[in-house]
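Structural overview
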Amino acid sequence: MSLIKTINLVPLGDERGFLVVFESNKIDSVPFEIKRVYYIFDTKEGVARGFHAHKKLKQIAVCVKGGCRFVLDDGVEKQEIILDSSVEGLVIEGLVWREVYDFSPDCVLMILASEHYDESDYIWDYQEFLNEVS
Ligand code: TYD
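The present account deals with the structure reproduced in this document. None of these values were measured; they are calculated from a predicted model.

Looking at the environment of F32
Mapped onto the fold, F32 is located in the loop between β3 (17–19) and β4 (36–41). Look at F32 and you get buried, because its relative accessible area is 6%. The spacing of F32 and F51 is 19 residues in sequence and 24 Å in space, taken between C-alpha atoms. Residue contacts for F32: discarding those within four places in its chain leaves S24, N25, K58, Q59, I60, L112, A113 and S114.

So, the pattern of salt bridges
Under the definition given, this model contains seven salt bridges. The residue K5 makes a salt bridge to E93 at a minimum N-O spacing of 3.3 Å. Note that K5 is positioned in strand β1 (residues 5–8) and E93 in the loop between β9 (88–92) and β10 (97–101), a separation of 88 residues in sequence. Residue class for K5 comes out partly exposed when judged on its relative accessible area of 42%. Take E93: its relative accessible area is 32%, and that puts it in the partly exposed class. The network of salt bridges with shared partners includes R69, E80 and D102.

Some points on the site of the ligand
Taken together, R36, Y38, I40, R49, G50, H52, Y117, Y122 and W124 make up the full set of residues adjacent to the ligand. One of the side-chain N or O atoms of R36 is found 2.4 Å from an oxygen atom in the ligand. A distance of 2.7 Å separates an oxygen atom of the ligand from a polar side-chain atom of R49. Contact with the protein chains covers 58% of the free accessible surface of the ligand, which is 520 Å². Of all the secondary-structure elements, those providing two or more residues to the shell around the ligand are β4 and β5 (49–54). In the shell around the ligand, the residues fall into five nonpolar, two polar and two charged.

Observations concerning the sheet that holds strand β11 (residues 108–113)
Within the open sheet, the five strands sit side by side as β1-β9-β6-β11-β4. Their pairing is antiparallel. Pairing within the sheet leaves two strands with one partner each, and these edge strands are β1 and β4. Pairs of neighbouring strands in the sheet enclose a mean axial angle of 25°, with direction left out of account.

Details of the nonpolar core
Counting residues in each nonpolar core, the largest one holds 18 residues, and the members touching the most others are C68, F70, L72, L83, L90 and L109. Elements supplying a minimum of two residues to this core: β6 (59–65), β7 (68–73), β8 (78–83), β9 and β11. If you tally residues by element for this core, the top one is β7, at three residues. If near-sequence neighbours (up to four positions away) are discounted, L90 is found in contact with I4, K5, T6, Q59, I60, A61, F70, L72, I81 and L83. Counting nine residues, the second largest nonpolar core, distinct from the first, contains I7, I60, V91 and M110.

Some remarks on the pairing of β11
The buried fraction of β11 is high, at five of six residues. Pairing of β4 with β11 involves six bridges; the strand directions are antiparallel. Bridge pairing in β11 places F41 opposite V108.

Calculation rules
- Residues numbered from 1 in each chain as written.
- Predicted model: local features only at pLDDT ≥ 70, side-chain atom pairs only at ≥ 80, totals over all residues.
- Heavy atoms only, no water.
- Helix = DSSP H or I, 4+ residues; strand = E, 2+ residues; numbered from the N terminus.
- Buried < 20%, exposed > 50% of the residue type's maximum accessible area, 1.4 Å probe, protein only.
- Contact = heavy atoms within 4.5 Å.
- Salt bridge = Lys/Arg side-chain N within 4 Å of Asp/Glu carboxyl O.
- Near = heavy atom within 4 Å.
- Polar contact = N/O pair within 3.5 Å; in protein donor to acceptor, adjacent residues only side chain to side chain.
- Areas by Shrake-Rupley, 256 points an atom, 1.4 Å probe, with all protein chains shown as cover.
- Nonpolar A, V, L, I, M, F, W, Y, C, P; charged D, E, K, R; others polar.
- Pairing = 2+ DSSP bridges.
- Axes fitted to C-alpha atoms, helices over the stretch in contact; angles between N-to-C directions.
- Core = buried A, V, L, I, M, F, W, Y, C linked by side-chain atoms within 4.5 Å.

Here it is in structure tokens:
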């Protein structure tokens, strides 16, 4: 099974440049209600982030600038993807452990999320995650 599910974002371009649109609840855009958007930037060299899973949250990650490497793990296997395109979105849903590495100095990683921030939705302990998925 592929853990890596991506969507191609359609850049709208003209002589001025490009823009990308996200719309909630659209199969060919964002297939959930966007309740939260955040972005990660200025990540220091050698830093890795994530190291958690979510019980309920759905997310789309877009590297708007620069690049980084996502490792997704469903408890059985790990798959990775380099996100380095502002027109590719990584869809993360279901019980998946995520780790993010190799942020370029200029990386701006934007996350669209289906829920407001909720600490109780996080699983921070890898063994607990394995127990949940088994
Ligand atoms: P953290 O969960 O460590 O980020 P990552 O997903 O990259 O591991 O979040 C960093 C801090 O920001 C932490 O104190 C929680 C806080 N935070 C919020 O307050 N709201 C949010 O929506 C997010 C994602 C994080």
